[in-house]
Amino acid sequence: MPQPIRAAGCGGGLAWIALLLVLLLPAPASHALDANTRFRDYVLNNWSNVRGLPQISVLSIAQDRDGFLWLGTQNGVARFDGEHFQGYERGNTGVDLSMVDAAWADAAGAVWFGTGQNLVREYRGGFEHWPSAAIYAIRGDAQGQPLLATAAGVGTWRNGRLQLIPGLEGPFFALLHHGGVLWAGGLNRLCRNRAGHTQCFALPAGASRRVTALAWDAGQLWVGTSAGLLQFDGQRFSAQAALPQLATLDIQSLLRDRAGNLWIGSIAALYRRYPDGRLEQIDKGTFPPNPWIDAIFEDRDGSLWLGSHTQSLYRVANSWTARYGQDAGLDDPFVWTLAAGAGGSIDIGTNGGLSKLADGKVTTLVPPGALPNPSVYSLYRDAQGALWIGTRGGVALWHRGKLSRPPALAPLRAWQINLIAEYPRGTYWFGTQGGLYRLQTGTLTRYGASPGSADARIRALLPLADGGLLLGTEDGVRELRAGRIAAPAWAEPLRGHFVTSLGWLDHDTLLLTTLDAGLGVLRNGHLRLLTQQDGLPTDNAWAFTSHGGEVYFSSIKGVWRVPLHTLLQPLAAVPSIRAQPVLTGNNRIGSEERTRCCNGGGVGRMLRVGDTLWLPSINGALALDMAAVRAPPEPGTPRIERLRHAQAWYVTGAMTRLPLGERNIEIEYTAPYLNNAAALNFRYRLAGYDNAWVAAGTRRVAWYTHLPPGRYSFAVQARVDQGIWSAPATLEIVIPAHWYEWRWLQVLAGLLLAALLLLAARWRWRRQKLQQQRLEALIAQRTEELHRVNQRLRQANDALTAESLSDPLTGLGNRRLLAQNWHELRCLPQLAVILIDLDHFKRINDRYGHGVGDVVLREVATLIQRLKEPQDMALRWGGEEFLLLLPGLDAGRALALGERIRLAVRAHRFNDPSLGDVQVTCSLGISHWPLLPTLRERDLGGSIELADFAMYRVKSRGRDATAALVPGAQATPMLLTAPATDIERLVHAGVLRWLAPG
């Protein structure tokens, strides 16, 4: 085999791959925010009342023993598992849970809440309460019992009553335990209770102040008041010497996190005091203005939770990614490619020229007008330090501060430059959309197929030890030897696939990535393709590099990594791949902008510099700290929430015995997991019915129908992505038997039947001679009966076949019907495709129940059946989605039918009385098939996807409308490979176009 060479290609970058495995010991999960991270580079998430919170204002936050987050609002409390909110208020608890100003979780698993008139205790879904003076803060005392700051004073809660601490009578609003000392903040005073002795200190004279929050940091007590932030050294208060900017602000909350940051919440802004004493006001570009932070809480994983009076709940978490975009000085944030510069700088190729990043600031090196084409698509720094600039139309050279355009490279101005490489020294290779070019001693030579063919579009290049070149093209892999390009025999499975990068993992193992066929592992002349069926998160990968025993891949879904040793195993023994997401393409960082990573062009799709992985994105250059990447924390133990039987919900305990009746059950479960950088997956089983585990993915409900009587054990487990399954949560379920199912009765009936059979046999034996005379007639009779039975069986089979092709709820066709009829449909000249989705259907199910939701689906299906033509095909596509196929119509003519359906649904009043005058609307997306005359052999997938894009555009613009997305005048077959994020760009380029009614 050839000797290992540095990986290179469309997305690979040039990097040495380790020859020996270096397996790092798992690092512990981070338990604090990184104090050196800029706030805009933290992961910032927001949840509001539209996601399930009882009310918009989050006044208090606590985390229980199991890991669930509890939120107090002005109109109830909510338990958050990281995905869903479970709301509790007077209607479902019988307890007044308004204005929950305080929350605290004890070690026994209970959560305590303080309101204006009650102390409330929650444990495993049960609530109990005691009347009390207004409660403003709750902490735990030395024995782990609630310690309350109330309008009547500070005291401990014992045996259902408040026992006040001497000297701490009167209203108090904030509590802090530190070093065995209890601090309590009241009205114009701060009190200290130590060893049973209380001493109070008057706040500085001036405006009346209420102490709202307390925090201990850097050996000082920080006192947040309604008229400014103070520091207390044990004897005196200071405002101006500490943080004079906050000396007069209304401070709402304080928290010193485990990293040493002091977080200060006010109505006007959020502030952060770094461990070194620097003060940062989180600016409006990163955090909303006037956030009114009522509560700040640090969870057990070190993430920060902010309760906002006006914008609900925020989560601030560590990110191993930093972004350098327009805020750092980048003129054009659309980054295509990256290259390592001198002194640790990074060269950035964008849609608008060449820039340089150094010391966190970006400066422009080459403006777009000075280049052959404004878009810098690939960069390469050669052995002499010169930077070769490949654009979407030619090559330029930047060396010692000067730009030049070598005359020998003039023929390349017609082509997009996908890659530039130097091999051997002094010989330059250019992979373009028009072929492979070599520049040697001033002469430019072209190799390969004619321009325009897929195999002429060179996307990756890998030098081989014997002097040959391995090429990744848009039509698989090619090899250049002795001036001739040919396809290696091992690469035949890659024909027709876009190869994006090539590189060596070790002496014997070649790794390649593709646009849509997964990863290719080549060893000893044998190629194995690894896809989503092998555990990959996607079949797309742009580039790869290795670091610390892991191989990192960039893709349309972001960045993910795979253990290197997994890919180096014998091909036949490669297990299911356990890929860990590192950066998802829709992550939110900093000011909540989507990263929209990772694409880019040239070899700079992925650039490794030490422990940092640089990636291009539409919002700037991303720096990913690979040394900081950790495996996601494990989830908490799952919890079985409740069981539904015969339209009634049961709160589950160790065992649930169901009443006689139907045998259908529904079980809801969850698990606490507040780290939303990874997906939480579930599996469950019902022992006694089916011992096999059912993979539920992210679904948090299980259904069983027509269960026989008996005792069952339901178990559910959770895991993060492809991690280890958690300990199970279990529930014993007893389904009683009807009298006719009693075992002793069945045994008795069996004995009676056996006796009857014995008597019948004896009687039959006695009459045997008589029956012989009638045998022939009986045989004929039975033969006729058998014929009739067979006929009935055929009829039943025909009925079953028809039933399998229809949706049992709506009577519309299903996907099997489409698959069965596709051969005939594809012979038609054209089809219009209409995708219909009911708006806010989940709200109907949540508010009125799934039975009412079924009524809505059936009646909407009836409307569609009534409005369509007989030859049209109507299908229930899934959930609340319907699909219409209209033979002979194009998308324009289908818009009229779509509007009729939309208006009919909007005007319809449903029969179920619980819906009343509720108006149901729908959003429609339309396209047609074939998308292009040359795509008649393709199935409906691309057409349905365009209709889906159109429908989601309607959704994003308010719903209850109809839109169509069809190929434009500049459309080519490549539009089928375009990602969703490129739709508007393709419309602008004429590849796609929008149609609207009228």
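Residues numbered from 1 in each chain as written. Predicted model: local features only at pLDDT ≥ 70, side-chain atom pairs only at ≥ 80, totals over all residues. Heavy atoms only, no water.

Draft legend 1. A look at the overall build of the protein chain. Per the secondary structure count, the protein chain includes eleven helices and 74 strands. Considered along the principal axes of its C-alpha atoms, the protein chain spans approximately 115 × 100 × 60 Å. Split into buried and exposed, the 998 residues of the protein chain put 52% on the buried side. Considering only intrachain contacts with a sequence separation of at least 6, the fraction spanning at least 24 residues in the protein chain is 52%. Entry remark: accessible area of the protein chain is about 44,800 Å², with carbon and sulfur atoms responsible for 52%. Counting 100 positive and 84 negative side-chain charges, the protein chain places the averaged centre of each group 2 Å from the other. (Helix = DSSP H or I, 4+ residues; strand = E, 2+ residues; numbered from the N terminus. Buried < 20%, exposed > 50% of the residue type's maximum accessible area, 1.4 Å probe, protein only. Contact = heavy atoms within 4.5 Å. Areas by Shrake-Rupley, 256 points an atom, 1.4 Å probe, with all protein chains shown as cover. Lys, Arg positive; Asp, Glu negative; His and termini not counted. Charge placed at Lys NZ, Arg CZ, Asp CG, Glu CD.)

Draft legend 2. Spatial organisation of the pairing of strand 73 (residues 962–967). With six of its six residues buried, strand 73 lies for the most part within the structure. Relative to strand 73, strand 72 (residues 922–929) runs parallel, the two being bridged by three bridges. Bridging across to strand 73, Leu 924 finds its partner in Thr 962. After leaving strand 72, the chain enters helix 10 (residues 941–956) and then returns to the sheet as strand 73, a path that is left-handed. In the sheet, strand 73 pairs with strand 74 (residues 992–995) via four bridges, with the strands oriented antiparallel. Counted as the bridge partner of Val 966 is Arg 993 from strand 74. (Pairing = 2+ DSSP bridges. Right-handed = clockwise from strand over helix to strand, strands pointing away.)

Draft legend 3. Expanded view of unusual backbone geometry. Note that the residue after Tyr 423, namely Pro 424, is joined by a cis bond; omega there is -15 degrees. Assignment of secondary structure puts Pro 424 in the loop between strand 39 (417–422) and strand 40 (428–432). In the segment running from Trp 929 into Pro 930, the intervening peptide bond is cis, with an omega of -5 degrees. With respect to the helices and strands, Pro 930 occurs in the loop between strand 72 and helix 10. Even without being a glycine, Arg 124 presents a positive backbone phi close to 50 degrees. Along the chain, the position of Arg 124 falls in the loop between strand 9 (118–123) and strand 10 (126–131). Classification of Arg 124 as partly exposed rests on a relative accessible area of 44%. Positioned with a positive phi, His 840 is a non-glycine residue whose angle comes to about 50 degrees. Position of His 840 relative to the elements: it lies in the loop between strand 69 (831–838) and helix 7 (841–848).

Draft legend 4. Layout of the pattern of salt bridges. Scanning the model with the defined rule gives 36 salt bridges in all. Close ionic contact of Arg 902 with Glu 899 constitutes a salt bridge, the shortest N to O distance being 2.8 Å. A residue pair is termed a helical-turn pair when its members lie 3 or 4 positions apart in one helix, as Arg 902 and Glu 899 do in helix 9 (residues 891–907) at three residues. Here the salt bridges do not stand alone but share partners, grouping Asp 455, Asp 475, Arg 478, Glu 492 and Arg 495 into one network. (Salt bridge = Lys/Arg side-chain N within 4 Å of Asp/Glu carboxyl O.)

Draft legend 5. Representation of the sheet that holds strand 68 (residues 729–735). Taken in spatial order, the five strands of this open sheet run 62-68-67-64-65, and their pairing is mixed. Edge strands, defined here as strands with exactly one partner in the open sheet, are strand 62 (655–657) and strand 65 (690–697). The average angle at which neighbouring strand axes cross in this sheet is 20 degrees, direction not considered. (Axes fitted to C-alpha atoms, helices over the stretch in contact; angles between N-to-C directions.)

Draft legend 6. Structural view of the sheet that holds strand 53 (residues 558–563). The four strands lie next to each other as 51-52-53-54, forming an open sheet whose pairing is antiparallel. Two strands close off the open sheet at either side, each with one partner strand: strand 51 (543–547) and strand 54 (580–584). The mean angle between the axes of side-by-side strands here comes to 25 degrees, regardless of whether they run parallel or antiparallel. When strand 52 (residues 550–555) meets strand 53, the two strands line up antiparallel, connected through six bridges. Bridging across to strand 53, Glu 550 finds its partner in Pro 563.

Draft legend 7. Spatial organisation of a nonpolar patch on the surface. Together, Trp 739, Tyr 740, Trp 742, Trp 744, Leu 748 and Leu 752 make up an exposed nonpolar region whose accessible area comes to about 740 Å². By the element assignment, Tyr 740 lies in the loop between strand 68 and helix 3 (743–766). Note on Tyr 740: relative accessible area 48%, which makes it partly exposed. (Patch = residues over 30% accessible without salt bridge, like charges linked within 9 Å, V, L, I, M, F, W, Y side chains within 5 Å.)

Draft legend 8. Molecular detail of the environment of Cys 191. Here Cys 191 is to be found in strand 17 (residues 189–194). Note: C-alpha distance between Cys 191 and Ala 202 (eleven residues apart in sequence) is 8.7 Å. Cys 191 has contacts with Leu 168, Phe 172, Leu 182, Trp 183, Ala 184, Thr 198, Gln 199 and Cys 200, leaving out every residue within four places of it along the chain.

Draft legend 9. Expanded view of the packing of helix 8 (residues 850–867) against helix 9. For the pair helix 8 and helix 9, the least separation of the axes is 10 Å and the interaxial angle reads 145 degrees. Both helix 8 and helix 9 take part in a crossing whose hand is right-handed. Of helix 9, the residues touching helix 8 (which contributes Val 860, Leu 863, Ile 864 and Leu 867) are Leu 897, Arg 900, Ile 901, Ala 904 and Val 905. (Left-handed = near helix turned anticlockwise from the far one by under 90°.)

Draft legend 10. Local environment of the pairing of strand 68. Within strand 68, five of the seven residues are buried, which leaves the element mostly enclosed by the surrounding structure. Pairing analysis gives three bridges linking strand 62 to strand 68, with the strands arranged parallel. Paired with Met 655 across the two strands is Glu 732, which belongs to strand 68. As judged from the seven bridges shared by strand 67 (residues 710–720) and strand 68, these two strands associate in the antiparallel manner. Residue pairing for strand 68: Gly 710 is matched across the bridge by Ile 735.

Draft legend 11. Structural detail: the packing of helix 7 against helix 8. Look at helix 7 against helix 8: their axes get within 7 Å of each other, and the N-to-C directions meet at 140 degrees. It follows from the interaxial angle that helix 7 and helix 8 lie oblique. Across the interface between the two elements, Phe 841, Ile 844, Asn 845 and Tyr 848 from helix 7 touch His 850, Val 852, Gly 853, Val 856 and Leu 857 from helix 8. Tallied by class, residues from the contact of helix 7 with helix 8 come to six nonpolar, three polar and no charged. (Parallel < 35°, antiparallel > 145°, perpendicular 65-115°, else oblique. Nonpolar A, V, L, I, M, F, W, Y, C, P; charged D, E, K, R; others polar.)

Draft legend 12. Fine view of the packing of aromatic side chains. Under the criterion given, the structure shown has 34 aromatic pairs. Between Phe 553 and Trp 560 the ring centres are 4.6 Å apart and the planes differ by 20 degrees, which places this aromatic pair in the stacked class. Residue classification places Phe 553 among the buried positions, given a relative accessible area of 0%. Take Trp 560: its relative accessible area is 2%, and that puts it in the buried class. By way of ring pairs, the aromatic residues Tyr 669, Phe 682, Tyr 684, Tyr 689, Tyr 704 and Phe 714 are connected into one cluster. For Arg 605, the ring lying beneath its charged end belongs to Trp 542, and the centroid distance is 4.3 Å. (Phe/Tyr/Trp six-rings, centres within 6.5 Å; stacked < 30°, edge-to-face > 60°. Lys NZ or Arg CZ within 6 Å of the ring centre and 35° of its normal.)

Draft legend 13. Layout of the environment of Ala 627. For Ala 627, the location among the structural elements is in the loop between strand 59 (620–625) and strand 60 (639–645). Remark: the alpha-carbon pair of Ala 627 and Leu 613, spanning 14 residues in sequence, is separated by 9.9 Å. In this structure Ala 627 touches His 547 and Asp 611, once residues within four positions along its chain are discounted.

Draft legend 14. Representation of helix 8 within the structure. Here helix 8 is 18 residues long and its end C-alpha atoms lie 26 Å apart, about the 26 Å a rise of 1.5 Å per residue gives. Three or more residues of helix 8 are buried, namely Val 852, Gly 853, Val 855, Val 856, Leu 857, Glu 859, Val 860, Ala 861, Leu 863 and Ile 864. (Expected span 1.5 Å × (residues − 1).)

Draft legend 15. How the structure looks around the confidence of the model for the protein chain. Chain-level statistics for the protein chain give a pLDDT mean of 88 and a share of 93% at 70 or above. This model gives residues 1–30 a pLDDT under 50, and the stretch forms 86 contacts once residues within four places in sequence are excluded. Every residue in residues 587–594 is under pLDDT 50, and counting partners more than four places away or in other chains gives 31 contacts. (pLDDT = per-residue confidence, 0-100.)

Draft legend 16. Geometry of the side chain of Asp 96. Within the secondary structure layout, Asp 96 lies in the loop between helix 1 (90–93) and strand 7 (102–105). A polar side-chain atom of Asp 96 sits 2.6 Å from a polar atom in the side chain of Gln 117. Once you skip the residues sitting within four places of it in the chain, Asp 96 turns out to touch Arg 90, Thr 115, Gln 117, Asn 118 and Val 120. (Polar contact = N/O pair within 3.5 Å; in protein donor to acceptor, adjacent residues only side chain to side chain.)

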